[in-house]
Amino acid sequence: MLLAIVFITAYQVRAQAKIEIREFQGTLQNFEVGYRFAYEYLTLKVESEEYRFYFPPFHGQWIQSKFKPGDLVKVKVSYNYTLAENVKKLKAEKSKYATFLDRQVIVDIWADGQWVSLPDRSTENLNENISYHFDKKIKSFYTVSNLMKAIIFEDNSIAYTFVYHKERDPSYIYKVGDRINFLGIKPERTEGYAYPFPEKKVYEFFSLVEIEGTIKSYLYKQNAVCIGAKFYVDNNELTVCFPSEKAEEVKNFLKGTTQVTLYTSADKQDLKSNLFPELHVLIKDKDTLKINQLDFFGGPDRNHKFKSIEFEGKISRITKSQSGKVANLIIDEKYFVEIDPRLDAQIGTSLKKGIVLKIKGKERLKKEGEVYRYTYRIISPEQIVIEGKTHLLNNLP
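Computed from a predicted structure; not experimentally measured.

(A) Main features of the overall build of the protein. In terms of regular secondary structure, the protein is built from seven helices and 22 strands. For the protein, the residues scored as buried account for 47% of the 397 residues in total. Summing over all exposed atoms, the protein offers an accessible surface of approximately 21,800 Å²; the carbon and sulfur share of this is 47%.

Right under this line is the structure:
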């Protein structure tokens with residue numbers, strides 16, 4: 001979440017800041033990798049000060065063929081003064097997040113006696129090639145850049161990760177000789193990119209924890225959509241989440257099962273939160289189920305398609321939250337109508353069991369693979385008529 005805030009702040013700063021083209025000439029100190037493990041930064045020492053500049057990674061191979069550390073390099077940079085001041089303040093606070101904000105962009109570089117433009121490309125192939133790796137033995141660790149480290153395994157494959165704090169540093173968590181499990185995303189080998197290890201198998205690293213457990217029950221959202229499961233682990237319980245469209249597959253895999261091996265994104269959960277570790281792999285006997293998705297932590301109920309609907313019916317039941325706010329309505333034991341806190345503030349006191357409502361809104365279309373606890377049709381209302389009074393809900397802020 002903090003990283004997201006940092007990126008949002010960077011965007012806002014860039015939107016408001018004064019930007020002008022500045023020319024810099026200095027001694028090339030080094031190259032640094034960025035996202036996708038490709039070189040996309042260079043550091044220049046200009047007199048007594050160092051500047052870190054970004055270049056589109058499509059030009060990485062060409063730039064490295066022209067310049068080596070120690071060379072005199074001249075660049076034109078789209079320089080954001082407000083951004084520079086913010087980075088300076090963060091560096092003074094010794095915050096590693098300064099690196100994420102530090103993105104002054106090179107637009108031209110002097111080479112072969114002329115200015116050469118370094119245009120960016122509007123799109124690139126960022127397909128996520130997910131794979132799972134088990135029982136991999138650590139051979140060594142490698143510091144790639146200020147914010148990135150890599151694990152080198154005994155088979156010479158490499159897994160890199162961003163290090164925001166010590167607890168994410170693989171050389172702090174593990175030691176040479178440890179055997180670990182991880183989910184890897186293999187970056188696309190894109191034309192023009194330059195990589196620290198161009199000939200090796202390289203993956204972005206996401207740690208997996210191996211756990212033995214027994215299925216206890218399934219986890220459903222308030223709207224009755226299955227998004228996870230609870231397991232007995234030793235004398236405790238572990239709740240994990242998975243994408244909603246994987247529910248049927250998970251339930252079928254676990255049917256008739258006693259003990260299974262789980263591979264999750266974490267072995268602990270915050271009991272004060274409704275966010276649970278991601279389930280990535282299940283193993284029973286010789287069978288394996290792989291989720292093959294990433295980044296559903298906190299959002300396992302995935303995006304859906306909807307269709308317009310209009311109906312009239314009587315309130316069968318009203319469900320309220322612990323704070324007393326209306327959470328949802330059951331209409332004619334057929335429709336599940338979601339009520340968020342803003343909507344409750346408008347009509348909550350008017351809702352009574354047995355009264356007739358006219359509702360216009362969107363009906364959620366069930367995705368293949370989803371499991372619902374009930375057979376209700378799930379409705380997101382846009383307009384509700386209560387005792388002749390119309391409430392237009394699409395005008396909510």
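(B) Quick peek at the packing of aromatic side chains. Applying the stated criterion to the full structure yields 21 aromatic pairs. Against the face of W110 rests K74, its NZ or CZ located 4.6 Å from the ring centre. We note K251 situated over the ring of Y218; from NZ or CZ to the ring centre the distance is 4.8 Å.

(C) Expanded view of the side chain of E370. Inspection of the secondary structure assignment puts E370 in the loop between β20 (356-364) and β21 (377-386). With relative accessibility at 3%, the residue E370 sits in the buried group. Side-chain polar atoms of E370 contact the side chain of S244, separated by 2.9 Å.

(D) Structural context of helix α3 (residues 81-92). If you check α3, its first and last C-alpha atoms are 17 Å apart, about what twelve residues at 1.5 Å a residue would give, namely 16 Å. Inspection of α3 places L83, A84 and V87 among the buried residues, and these make up the whole buried set. All buried residues of α3 lie within an arc of 100 degrees about the axis, which places them on one face of the element. Away from its buried face by more than 90 degrees, α3 exposes K88, K89 and A92. At the N-terminal boundary of α3, the capping side chain belongs to N80, with an oxygen 3.2 Å from the backbone nitrogen of T82.

(E) Molecular detail of unusual backbone geometry. Of note in this structure, N292 is not a glycine but carries a positive phi near 60 degrees. With respect to the helices and strands, N292 occurs in the loop between β16 (287-290) and β17 (306-320).

(F) The confidence of the model for the protein, seen in detail. When pLDDT is averaged across the protein, the result is 86; 89% of the residues are at 70 or more. Mean pLDDT per element in the protein: helix α1 (residues 2-16) is the minimum at 45, and strand β6 (residues 114-117) is the maximum at 97. The low-confidence segment residues 1-14, where pLDDT is below 50, has 17 contacts with residues more than four positions distant or belonging to other chains.

(G) Inspection of the pattern of salt bridges at higher detail. According to the stated counting rule, one finds 16 salt bridges in the structure shown. For D178, the salt bridge identified is with K175, shortest N-O distance 3.2 Å. The class for K175 is exposed, based on a relative accessible area of 55%.

(H) Geometry of the nonpolar core. Counting residues in hydrophobic clusters, the biggest one holds 33 residues, and the most contacted among them are F24, L42, L44, F53, F55, V75 and I106. Contributing elements (two or more residues each) for this core: β1 (19-33), β2 (39-46), β3 (49-54), β4 (72-80), β5 (104-111), β8 (148-153) and β9 (158-162). With near-sequence residues (within four places) excluded, I106 lies in contact with L42, F53, Y54, F55, P56, V75, K76, V77 and L118. With 32 residues, the next largest nonpolar core counts L238, V281, F296 and V371 among its residues.

(I) Molecular detail of the environment of Q383. Topologically, Q383 is positioned in strand β21. Of the residues examined, Q383 reaches a relative accessible area of 22% and is grouped as partly exposed. In contact with Q383, other than residues within four places in its own chain, are K358, I359, K360, T390, H391, L392 and L393.

(J) Molecular detail of the pairing of strand β18 (residues 326-331). Where burial is concerned, most of β18 is hidden: six out of the six residues are buried. In this structure, the hairpin formed by β17 and β18 is closed by a connection of five residues, where G324 is found at a positive phi of approximately 90 degrees. Of the strand pairs in this sheet, β18 and strand β19 (residues 335-338) are connected by four bridges, and their pairing is antiparallel. The residue of β19 that forms the bridge with N328 is E338. Counting the residues that bridge the hairpin from β18 to β19 gives three residues, and of these D332 lies at a positive phi of roughly 55 degrees.

(K) Looking closely at helix α6 (residues 247-254). Of the positions making up α6, those classed as buried are A247, V250, F253 and L254. Take α6 and look down its axis: the buried residues cluster within an arc of 135 degrees, on one side only. Buried residues along α6 sit against β11 (202-220), β12 (226-233), β14 (259-264), β15 (279-284) and β16. Just downstream of α6, G256 is the residue with a positive phi angle, here 75 degrees.

(L) How the structure looks around the pairing of β5. Examined bridge by bridge, β3 and β5 share two bridges and lie parallel to one another. Paired with F53 across the strands is Q104, a residue of β5. As paired strands, β4 and β5 are joined by four bridges and run antiparallel to one another. Bridge pairing in β5 links S78 to V105. Of the pairings in the sheet, the one linking β5 to β6 comprises four bridges and is antiparallel in character. Paired with W110 across the strands is W115, a residue of β6. Joining the antiparallel neighbours β5 and β6 is a turn of two residues, in which D112 adopts a positive phi near 55 degrees.

About the thresholds
- Residues numbered from 1 in each chain as written.
- Predicted model: local features only at pLDDT ≥ 70, side-chain atom pairs only at ≥ 80, totals over all residues.
- Heavy atoms only, no water.
- Helix = DSSP H or I, 4+ residues; strand = E, 2+ residues; numbered from the N terminus.
- Buried < 20%, exposed > 50% of the residue type's maximum accessible area, 1.4 Å probe, protein only.
- Areas by Shrake-Rupley, 256 points an atom, 1.4 Å probe, with all protein chains shown as cover.
- Phe/Tyr/Trp six-rings, centres within 6.5 Å; stacked < 30°, edge-to-face > 60°.
- Lys NZ or Arg CZ within 6 Å of the ring centre and 35° of its normal.
- Polar contact = N/O pair within 3.5 Å; in protein donor to acceptor, adjacent residues only side chain to side chain.
- Expected span 1.5 Å × (residues − 1).
- Arc of directions from axis to C-beta.
- pLDDT = per-residue confidence, 0-100.
- Contact = heavy atoms within 4.5 Å.
- Salt bridge = Lys/Arg side-chain N within 4 Å of Asp/Glu carboxyl O.
- Core = buried A, V, L, I, M, F, W, Y, C linked by side-chain atoms within 4.5 Å.
- Pairing = 2+ DSSP bridges.

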